[in-house]
Amino acid sequence: MEELRIRRATLRDVRRLAEIERACFEEGYPEALLAFFITHERYISLVAEMGGVVIGLAVGELEEREHKRVGHIWTIEVLPAYRNKGIGTRLLKALEEELAARGATEFCLEVRVDNVPALNLYEKLGYERVGLLRDYYGPGRHGYLMRKWPDLRRA
């Protein structure tokens, strides 16, 4: 396998990121929102690249919740042909590192209850299901709220 590179997304990546969105989700984020994620300082947008081709993305945001800094993972996506190669794991870990560097003391994300590969990834990396989000993705399409409380003392 070619060398994987994780880097910050740029506006030049927006069209490709929208293509990945459509390949991964029925209702992916539009280009305008992806561009907002990239340009707004509150968000961290990363891409996974192999041989100069963007094959995945991760977006997160640092949020203030109940006097805590929470790293909210908005999306992790890898094109189907590149899945099960550790790319999603690398993207998520890189995003967590950047959010922790900004002060995140815990992480949260939402995931569809039927997205078994994503659930397996998140649970493998220490996320726990903490709530059921009824109709979160539309009528009859439920999600889980997941949280991770990393051991920040090892840093």
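The rules we used
- Residues numbered from 1 in each chain as written.
- Predicted model: local features only at pLDDT ≥ 70, side-chain atom pairs only at ≥ 80, totals over all residues.
- Heavy atoms only, no water.
- Pairing = 2+ DSSP bridges.
- Helix = DSSP H or I, 4+ residues; strand = E, 2+ residues; numbered from the N terminus.
- Axes fitted to C-alpha atoms, helices over the stretch in contact; angles between N-to-C directions.
- Contact = heavy atoms within 4.5 Å.
- Buried < 20%, exposed > 50% of the residue type's maximum accessible area, 1.4 Å probe, protein only.
- Phe/Tyr/Trp six-rings, centres within 6.5 Å; stacked < 30°, edge-to-face > 60°.
- Lys NZ or Arg CZ within 6 Å of the ring centre and 35° of its normal.
- 1 Å grid on protein atoms, 1.4 Å probe; cavity = no way out; pocket = protein on both sides within 12 Å on 5 of 7 lines; lining within 4 Å.
- Points joined across faces, edges and corners; volume = space filled by probe spheres on them.
- Nonpolar A, V, L, I, M, F, W, Y, C, P; charged D, E, K, R; others polar.
- Core = buried A, V, L, I, M, F, W, Y, C linked by side-chain atoms within 4.5 Å.
- Expected span 1.5 Å × (residues − 1).
- Arc of directions from axis to C-beta.

Draft legend 1. Structural detail: the sheet that holds strand E1 (residues 4–8). Reading across from one edge, E1-E2-E3-E4-E5-E7-E6 is the order of the 7 strands in this open sheet, with mixed pairing throughout. Each of the sheet's edge strands pairs with one partner strand only, and the pair in question is E1 and strand E6 (128–133). Taken over all neighbouring pairs, the strand axes of this sheet differ in orientation by 25° on average, direction set aside. Along the sheet, helix H1 (residues 14–24) makes contact with strand E2 (43–50), strand E3 (53–65) and strand E4 (68–78), crossing E3 at roughly 90°.

Draft legend 2. How the structure looks around unusual backbone geometry. Within the chain, asparagine 84 stands out as a residue other than glycine whose phi angle is a positive 65°. Inspection of the secondary structure assignment puts asparagine 84 in the loop between E4 and helix H3 (87–101). Judged by its relative accessible area of 83%, asparagine 84 falls in the exposed class. Despite not being glycine, aspartate 135 shows a phi value in the positive range, around 60°. When you line up the elements, aspartate 135 lands in the loop between E6 and strand E7 (143–148). Note on aspartate 135: relative accessible area 41%, which makes it partly exposed.

Draft legend 3. Main features of the packing of aromatic side chains. Overall, the coordinates contain 7 aromatic pairs when judged by the stated rule. A centroid spacing of 5.4 Å and a plane angle of 80° characterise the contact between tyrosine 29 and phenylalanine 37, whose relative ring orientation is edge-to-face. Residue class for phenylalanine 37 comes out buried when judged on its relative accessible area of 2%. Of the aromatic side chains, those joined through ring pairs into one cluster are Tyr29, Phe36, Phe37, Tyr43 and Trp74. If you follow arginine 129 out to its NZ or CZ, it ends over the ring of tyrosine 144, 4.7 Å from the centre.

Draft legend 4. Here's a closer look at the layout of surface pockets. When its volume is computed, the largest pocket comes out at roughly 1100 Å³. Along the walls of the largest pocket sit 35 residues, with Phe25, Ile76, Asn115, Ala118 and Tyr122 positioned nearest its centre. The biggest single contributor to the lining of the largest pocket is E4, with 7 residues. Residue composition of the lining of the largest pocket, by class: 17 nonpolar, 8 polar and 10 charged.

Draft legend 5. Just the nonpolar core, in detail. Core analysis: the largest hydrophobic core is formed by 44 residues, its most contacted members being Leu17 and Tyr122. With near-sequence residues (within four places) excluded, leucine 17 lies in contact with Ala9, Leu34, Ile38, Val47, Val54 and Leu57.

Draft legend 6. Region of the structure containing H3. End to end, H3 covers 21 Å across 15 residues, agreeing with the expected 21 Å (1.5 Å per residue, within 8%). Every buried residue belonging to H3 is among Ile87, Gly88, Thr89, Leu91, Leu92, Ala94, Leu95, Glu96 and Leu99, and all of these are buried. Backbone geometry just after H3 places glycine 103 at a positive phi near 115°.

Draft legend 7. Summary view of the side chain of glutamate 106. Its location among the elements puts glutamate 106 in strand E5 (residues 106–112). Aside from chain neighbours lying at most four places away, what touches glutamate 106 is Lys68, Arg69, Val70, Gly71, Arg147, Lys148, Trp149 and Pro150.

Draft legend 8. Looking closely at helix H2 (residues 31–39). For H2, the set of buried residues is Leu34, Phe37 and Ile38. Buried residues of H2, viewed axially, fall in a sector of 95°; they line one side. For H2, the exposed residues set more than 90 degrees away from the buried face come down to Ala32 and Thr39.

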